[in-house]
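Examination of the molecular architecture
Now for the letters of each chain:
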Amino acid sequence: MPTITSFLAAAPRRWRFPCLFSLLVVVLAGCATPHDAFDPGKPHHRPGGFVNLHPSPHGNEERSFLRWQWERLQSDLPADRPERVPRVVPDIDLLRSNRSDLTVTWLGHSSALWQVAGLNILTDPHFGPRASPVPFAGPRRLTPAPLTIEQLPRIDVVLISHNHYDHLDAGSVQALARQPGGSPLFIVPLGVERWMADAGVSRTQRMDWWERHVVPGPAGPVEVHFVPAHHWSSRTPWDRGSTLWGGFVVQAVVAGEVARLYFAGDTGYAPDFQEIGRRFGGFDLSMIPVGCYLPRWFMKSIHVDEEEAVRIHLDVRSRLSWGVHWGVFRLCDDPIDGPMDKLPAARDRLAVPVDAFVLPVLGQTRVLRRAAP
Ligand code: ZN
Ligand code: ZN
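Keep in mind the model is a prediction, meaning the values are calculated, not measured.

**Some details on empty space enclosed by the protein**
For the coordinates displayed, the defined rule picks out 1 cavity of 30 Å³ or more. Of the voids in this model, the largest cavity is the one considered here, and its volume is about 80 Å³. Around the largest cavity sit 13 residues that line it, and G291, C292, H325, F329 and D334 are the ones nearest its centre.

What follows is the structure, encoded as structure tokens:
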């Protein structure tokens, strides 16, 4: 059996680097071994990764990245107007002193602080300058984060919906893991715990769809459920679908009544949401993505537009929804301020009241329920 080095030595000099590169790709692809949680009885499990539960209602996917990039070069895309994105200075004293009220604070894109039964919970924290694998290129932050990681109250739990760069930011995760008082618990989709371990983050809990994890809080137990979304995962060209993606439901008793929050992560439209609505019976607040869905031919199966987002709000039976995944990073052909123009018409078409599905203000805290009336 010839070794790799003898094989390369036998190859013409000009072919050695391409051969080495090809071998590296093959080896790395081979390293994507079946996940140790692989369960052939689960419809979304495959030996090498995961798939969505349902076909997209938009039919067959046509997702040629090269075609998209070629079309982008030739088209005149609308400019971002980050100055339009409304913002307020967060009430940091309130956030740091609150031990019992149910609050939500939008930190931009899919990042939010949820305060539930005395626990401080972050969704997809991203405080970095770019949503990109490299620091010198890729979508950059167009609106500053409303507060820094150091200004946050001590974080107990971090929910990561999936491993795309606009949702799983290495610098933010590592800074949170080093916070004074010890690392938060990172609750992640199946497979992402391996990335976390490589990044030096050890306090993790991995979850599959429909699993439940209970976190003890100062004001009682807080249930975290991981639920399906219609999306995908990848951080490199060779790991597509090798880790899971999804959304979260957080449930706890606040002021004597069950409170439920829902974060949809990234998603296309699918029957999953009616099932989530059926199983949980409605939410006090849902965070549903409304940005990054153009061009439609490329994005429709994995990102909802504003009207589909409002449909999800109805499907999951939410009393109040916040449209998120906008206002920070230009990732698609729609501008970061696009939902400000398009959401009102989508809401009207589905007869949803103006105050039932809103765009939050950057840095805004909403008190959903007070523990002591
Ligand atoms: Zn994504
Ligand atoms: Zn995203």
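**Here's the deal with the coordination of the zinc ion (ligand 2)**
Within the protein, the zinc ion (ligand 2) binds to D166 (OD), H167 (NE2), D266 (OD) and H325 (NE2); these donor distances fall in the range 2.1 Å. Every donor counted, the 4 donor atoms about the zinc ion (ligand 2) form angles of 87 to 159 degrees at the centre, which fits irregular coordination. Donor residues binding the zinc ion (ligand 2) come from one chain and are separated in sequence as D-H-x98-D-x58-H. A separation of 3.7 Å is found between the zinc ion (ligand 2) and the zinc ion (ligand 1), both of which receive a donor from D266. Placement of D266 in the loop between β12 (257-263) and α7 (272-280) and of H325 in the loop between β14 (321-324) and α10 (338-349) is noted, with a sequence separation of 59 residues between them. Like D266, the residue H325 is buried in the burial classification.

**A word on the packing of aromatic side chains**
Evaluated as defined, the whole model comprises 9 aromatic pairs. Plain terms: the ring middles of F65 and W68 are 5.8 Å apart, the flat faces sit at 85 degrees to each other, and that makes the pair edge-to-face. Within this pair, F65 and its partner W68 are both found in helix α3 (residues 65-74), separated by 3 residues, close to a single helical turn. Take W68: its relative accessible area is 5%, and that puts it in the buried class. Here W209 and W245 contribute two aromatic rings whose centre-to-centre distance is 6.1 Å and whose plane-to-plane angle is 75 degrees, an arrangement assigned as edge-to-face.

**Some words on the layout of surface pockets**
The method is simple in principle: a probe with the dimensions of a water molecule rolls over the atoms, and the space it marks as empty is what remains. Size it by volume and the largest pocket reaches roughly 830 Å³. As for the largest pocket, its lining consists of 32 residues, of which F65, W68, H164, Y165 and W232 are closest to the centre. For the lining of the largest pocket, the elements supplying multiple residues, two or more each, are α3 and α8 (296-299). At 4 residues, α3 tops the list of elements feeding residues into the lining of the largest pocket.

**Structural notes on the pairing of strand β11 (residues 247-254)**
Both faces of the sheet carry side chains from a regular strand, because those side chains alternate between them. The buried fraction of β11 amounts to 7 of the 8 residues, a majority that puts the element mostly inside the structure. Across 5 bridges, the pairing between strand β10 (residues 220-227) and β11 is antiparallel. Each residue of the ladder has a partner; that of V227, found in β11, is G247.

Reading the values: rules and limits
Residues numbered from 1 in each chain as written. Chains lettered and ligands numbered in written order. Predicted model: local features only at pLDDT ≥ 70, side-chain atom pairs only at ≥ 80, totals over all residues. Heavy atoms only, no water. 1 Å grid on protein atoms, 1.4 Å probe; cavity = no way out; pocket = protein on both sides within 12 Å on 5 of 7 lines; lining within 4 Å. Points joined across faces, edges and corners; volume = space filled by probe spheres on them. Donors = N, O, S within 2.8 Å, 3.2 Å for Na, K, Ca; no water. Tetrahedral: all angles 85-135°; square planar, octahedral: opposite > 155°, others 65-115°. Helix = DSSP H or I, 4+ residues; strand = E, 2+ residues; numbered from the N terminus. Buried < 20%, exposed > 50% of the residue type's maximum accessible area, 1.4 Å probe, protein only. Phe/Tyr/Trp six-rings, centres within 6.5 Å; stacked < 30°, edge-to-face > 60°. Pairing = 2+ DSSP bridges.

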